[in-house]
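Analysis of the macromolecular model
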Amino acid sequence: MRNCKSLRSWFSIDSTLKMATIASVGTAMLTSWLYVNFILFYVQAQDMKFKPTDRLKMFLQVTVPFLVAVISVIKAFKVEAGRIPPGFGKDIEPAPTEGPLPRFCKICKVFKPDRSHHCGECDRCVLELDHHCFWLDCCIGFYNRKFFLLFLFWISVALDSFVYIIFTTPVVVHHLMAVFADQNFSWSASHQHVNVLLVSLIVVAVGIAVTGFTLFHFGMAVSNYTTIEFCEKRGTIRKGKRYQHLYNVSVAYNWTQTFGRNPLLWLLPISARSHVSRHEAVHYIKTQEKQS
């Protein structure tokens, strides 16, 4: 009976949350499987005559960025994306006679600053909302966007390092030749060789996909676009005029807006905006438009 109740409770969960849970668990399992196979068949390969220093180098090449990526994704999940500060917009007139109408969320019943949007999944407005991450089931916004970008960067470095090892060591060639050399192919005798080839193929495919996704997001960051702004506004024409992104000041300025001014902390999972309160965040966002 308890199993039936737990099963019913599972199917009563919101479908998006269920899919996010399945996707997150599946991704974690795939990543763990790839990493374990990397350790077994590359770093600790007994049939390959690697020097101890070469084994250590391969281990560090993949493990260090992988661990930093894990820390980054945990912080992206745990750090609040940024809520609208309480009392924001109380001094705004409900119907101004001049100028653009103030942005108002009809769901939350609050005024919202520029670049803020309502997230239907989280059911709240988020400061500088980039997107709702399906894999983490949380919003990526003002306070945790750097962690999300660093996760993509470091997991790309880990995967690309793995790809580099695949193409610069004779491991794949060794196992490929072993498979073709086995005239009486049997799974019990060749499963290790097939496993190595399968892992290598998956790593190359995933590495290419994730690296492309990372370059896309970093391209938006240096242009000071959020994903929502890029998808909804970029290249659009309104009232005969092409959309001009007022927040795109310069590559250097746009970069420091997300990653901070200290170059030593740019690639470390340390927040560049933790010192900015929610009330200050509203003005922090507005200053970008003034800079332009």
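Preceding block: the structure.
Residues numbered from 1 in each chain as written. Predicted model: local features only at pLDDT ≥ 70, side-chain atom pairs only at ≥ 80, totals over all residues. Heavy atoms only, no water.

**Quick notes on the nonpolar core**
Phe-38, Tyr-42, Phe-162 and Val-203 are the most contacted members of the largest nonpolar core, which totals 35 residues. Listing elements by their share of this core, those giving two or more residues are α2 (15-43), α3 (52-78), α4 (145-168), α5 (171-181), α6 (187-222) and α8 (251-259). Looking at this core element by element, the count peaks at 10 residues for α4. Contacts of Phe-38, omitting those with residues within four sequence positions, involve Val-43, Met-58, Phe-59, Val-62, Phe-162 and Ile-165. (Core = buried A, V, L, I, M, F, W, Y, C linked by side-chain atoms within 4.5 Å. Buried < 20%, exposed > 50% of the residue type's maximum accessible area, 1.4 Å probe, protein only. Helix = DSSP H or I, 4+ residues; strand = E, 2+ residues; numbered from the N terminus. Contact = heavy atoms within 4.5 Å.)

**Here's the deal with the packing of aromatic side chains**
Applying the stated rule across the entire model yields 14 aromatic pairs. Seen from their ring centres, Phe-104 and Phe-111 are 5.1 Å apart, and the 70° between their planes marks the pair as edge-to-face. Residue class for Phe-104 comes out partly exposed when judged on its relative accessible area of 39%. For Phe-111, a relative accessible area of 17% translates into the label buried. Look at Trp-255 and Phe-259: their rings are 4.1 Å apart centre to centre, the planes differ by 20°, and that puts the pair in the stacked class. One end of the pair, Trp-255, and the other, Phe-259, are both in helix α8, 4 residues apart, so they sit about a helical turn from each other. The exposure class of Trp-255 is buried, given its relative accessible area of 19%. We classify Phe-259 as buried; its relative accessible area is 2%. (Phe/Tyr/Trp six-rings, centres within 6.5 Å; stacked < 30°, edge-to-face > 60°.)

**A look at α4**
Under the 1.5 Å per step criterion, the end-to-end length of α4 is 34 Å for 24 residues, consistent within 8% with the ideal 34 Å. Counting buried positions along α4 gives 17 out of 24 residues, so the element sits mostly inside the fold. (Expected span 1.5 Å × (residues − 1).)

**With respect to a nonpolar patch on the surface**
A cluster of nonpolar residues, Leu-56, Phe-59, Leu-60 and Val-64, forms a patch on the protein surface that exposes about 330 Å² of accessible area. Here Val-64 is to be found in helix α3. (Patch = residues over 30% accessible without salt bridge, like charges linked within 9 Å, V, L, I, M, F, W, Y side chains within 5 Å. Areas by Shrake-Rupley, 256 points an atom, 1.4 Å probe, with all protein chains shown as cover. Salt bridge = Lys/Arg side-chain N within 4 Å of Asp/Glu carboxyl O.)

**A short note on α3**
The end-to-end C-alpha distance of α3 is 38 Å, a good match for the 39 Å that 27 residues give at a rise of 1.5 Å each. Residue Leu-60 marks the point of greatest curvature in α3, where the axis turns by about 25°. Looking only at α3, the buried set comprises Arg-55, Met-58, Val-62, Thr-63, Pro-65, Phe-66, Val-68, Ala-69, Ser-72, Val-73 and Ala-76. (Bend = angle between axes of the 7 residues up to and from the residue.)

**What about the environment of Leu-34?**
Note that Leu-34 resides in helix α2. Using a relative accessible area of 7% as the deciding quantity, one classes Leu-34 as buried. Separated by 128 residues in sequence, Leu-34 and Phe-162 have C-alpha atoms that sit 9.9 Å apart. With near-sequence residues (within four places) excluded, Leu-34 lies in contact with Phe-162, Val-199, Ile-202 and Val-203.

**Here we look at the environment of Trp-266**
Structurally, the position occupied by Trp-266 is in the loop between α8 and α9 (278-291). We classify Trp-266 as partly exposed; its relative accessible area is 25%. For the pair Trp-266 and Leu-150, spaced 116 residues apart in sequence, the C-alpha separation works out to 8.9 Å. Discounting residues that sit within four places of it in the chain, Trp-266 has contacts with Lys-146, Leu-150, Trp-255, Phe-259, Gly-260 and Arg-261. In terms of polar contacts, Trp-266 uses its side chain to reach the backbone carbonyl oxygen of Gly-260, at 2.7 Å. (Polar contact = N/O pair within 3.5 Å; in protein donor to acceptor, adjacent residues only side chain to side chain.)

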